[in-house]
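Structural overview for review
In case you want the letters, here they are:
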Amino acid sequence: MQTPPDTADRAPDPHPAGPATTRLAPSPTGALHLGNARTFLVNWALARKHGWRIILRIEDIDGPRVKPGAIDLTIDLLRWLGMDWDSGPLIQSNDLEPCRVAMRRLAGAAQAYPCELTRSQIEAAASAPQEGAHDIAFPSSLRPALVSREFAKADELSSWRFATPRGLVEFHDFFAGPQRHDPSATIGDFVIWTKREQPSYQLAVVVDDARQGVTHIVRGDDLLDSAARQITLQRALSLPTPSYAHLPLVKGPDGRRLAKRHGDTRLDTFRARGVPAERVIGLVAFWCGLGARTPMSVIEFRQRLDSGTIPRTEVVYTPEDERWLLSK
Ligand code: GLU
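Side note on the overall build of the chain
- Counting secondary structure elements, the chain contains eleven helices and twelve strands.
- Computed over the C-alpha atoms, the radius of gyration of the chain is 21 Å, within 12% of the 20 Å expected from 2.2 N^0.38 for a compact globule of 328 residues.
- Projected onto the principal axes, the alpha-carbon positions of the chain cover approximately 70 × 55 × 40 Å.
- Here the chain, with 328 residues, has 47% of them falling under the buried criterion.
- Put simply, 76% of the contacts in the chain that link residues at least 6 apart link residues at least 24 apart.
- Carbon and sulfur atoms provide 51% of the accessible area of the chain, an area that totals close to 15600 Å².
- Positive and negative charge centroids in the chain, built from 41 and 39 side chains respectively, lie 3 Å apart.

This is how it looks when you write it as structure tokens:
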């Protein structure tokens, strides 16, 4: 009798046959702020304009940083702004098996290896970060011989790293234009499975985008250099590369990314102070090049949004913006 084919190690379907699909992918690590509102509203409006299916995916694998109640609050705030979706919420941590399947495949193909090195050991062996890189690159001298391995349960000591292939990754980003990155030089071998027995963000996002049939990714440009890492992983797993649109982030007047230091810009704080969703949407519309600030429904925003007029440079949240939001 023939043994049935072993399907356990089958990679996620490399060619999901399906409609154009995008995802709203909040991490419930804190409350949504005005910058997140802009990204999600633009993503939602582009999807509804172009007829893409929308999945709501809650990226909760960030372990200890996930705050209790944050998932419900995040969903509630997206609804308050008037957004809807066709599928989800899918909770990322509910099904990590496809990521284990991907790990078995990468480890078996000598493209991933366990690593017990501590941060200080890596820093000691590394040279200064390259210009433009956020962090030191994992030095190639620390990579062990690449051999086919069995992906075993990691322990408290070891994470697994991806053996990042050398070479330029080129892609076209809808907002940021042509991109050329060499993640093997700027990042080196990066963690794809953590010591906490979970996939890293980079692996989980690649596996989930593929199995959920995501074809269009719209997100903040803080993730632009992650896209190159994700493309190297997609190639190693024979998965399709979606199209990317990385929106310039909203910054504070000091030119730094919007954060607590710029005051409380959380949507639930504005809501509690009586600011209607239409004012938040009106400010986002102003930031998207739709003319003077004026309260706006999500439907009007969707109708008027023109991806061609969205500024390709950073947007600054000014004291005037705040005064307008809070005015009656
Ligand atoms: N969950 C990520 C965030 O909230 C977004 C990840 C992605 O869009 O790939 O920043």
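Things to note about the packing of aromatic side chains
- Going through the model one piece at a time under the given rule, you end up with six aromatic pairs.
- Between Phe151 and Trp160 the ring centres are 5.2 Å apart and the planes differ by 70°, which places this aromatic pair in the edge-to-face class. A single burial state applies to Phe151 and to Trp160, both of which are buried.
- Site record: aromatic cluster; members linked through ring pairs are Phe151, Trp160 and Trp193.
- The cationic tip of Arg293 hangs over the ring face of Phe286; the distance from NZ or CZ to the ring centre is 4.3 Å.
- Its guanidinium or amino end placed over the ring of Phe174, Arg312 lies 5.7 Å from that ring's centre, counting from NZ or CZ.

A few points about the environment of Leu81
- Positionally, Leu81 belongs in the loop between α2 (70–80) and β3 (87–91).
- Taking the relative accessible area as the measure of exposure, Leu81 reaches 2% and is therefore buried.
- It is 26 Å that separates the C-alpha atoms of Leu81 and Gly255, two residues lying 174 residues apart in sequence.
- Not counting chain neighbours up to four residues away, the residues in contact with Leu81 comprise Ala37, Leu41, Leu267, Ala277, Val280, Ile281 and Val298.

Digging into the confidence of the model for the chain
- Looking at the chain as a whole, the pLDDT averages 90, with 92% of positions reaching at least 70.
- Note on residues 1–16: pLDDT under 50 across the span, and 19 contacts to partners over four residues away in sequence or across chains.

Section: the nonpolar core
- Counting residues in hydrophobic clusters, the biggest one holds 48 residues, and the most contacted among them are Leu34, Leu81, Met83, Phe301, Tyr317 and Leu325.
- Listed by contribution, the elements that provide at least two residues to this core are α1 (34–50), β2 (53–58), α2, β10 (243–247), α8 (267–272), α9 (277–287), α10 (298–304) and α11 (319–326).
- Among the elements that make up this core, the one with the highest residue count is α1 (nine residues).
- Excluding its chain neighbours within four sequence positions, the residues that come into contact with Met83 are Leu24, Phe40, Leu41, Trp44 and Leu78.
- Among the nonpolar cores identified, the runner-up in size contains 25 residues, and Ile61, Leu96, Ala102 and Val206 belong to it.

Conventions we followed
- Residues numbered from 1 in each chain as written.
- Predicted model: local features only at pLDDT ≥ 70, side-chain atom pairs only at ≥ 80, totals over all residues.
- Heavy atoms only, no water.
- Helix = DSSP H or I, 4+ residues; strand = E, 2+ residues; numbered from the N terminus.
- Rg over C-alpha atoms; globule rule 2.2 N^0.38 Å.
- Buried < 20%, exposed > 50% of the residue type's maximum accessible area, 1.4 Å probe, protein only.
- Contact = heavy atoms within 4.5 Å.
- Areas by Shrake-Rupley, 256 points an atom, 1.4 Å probe, with all protein chains shown as cover.
- Lys, Arg positive; Asp, Glu negative; His and termini not counted.
- Charge placed at Lys NZ, Arg CZ, Asp CG, Glu CD.
- Phe/Tyr/Trp six-rings, centres within 6.5 Å; stacked < 30°, edge-to-face > 60°.
- Lys NZ or Arg CZ within 6 Å of the ring centre and 35° of its normal.
- pLDDT = per-residue confidence, 0-100.
- Core = buried A, V, L, I, M, F, W, Y, C linked by side-chain atoms within 4.5 Å.

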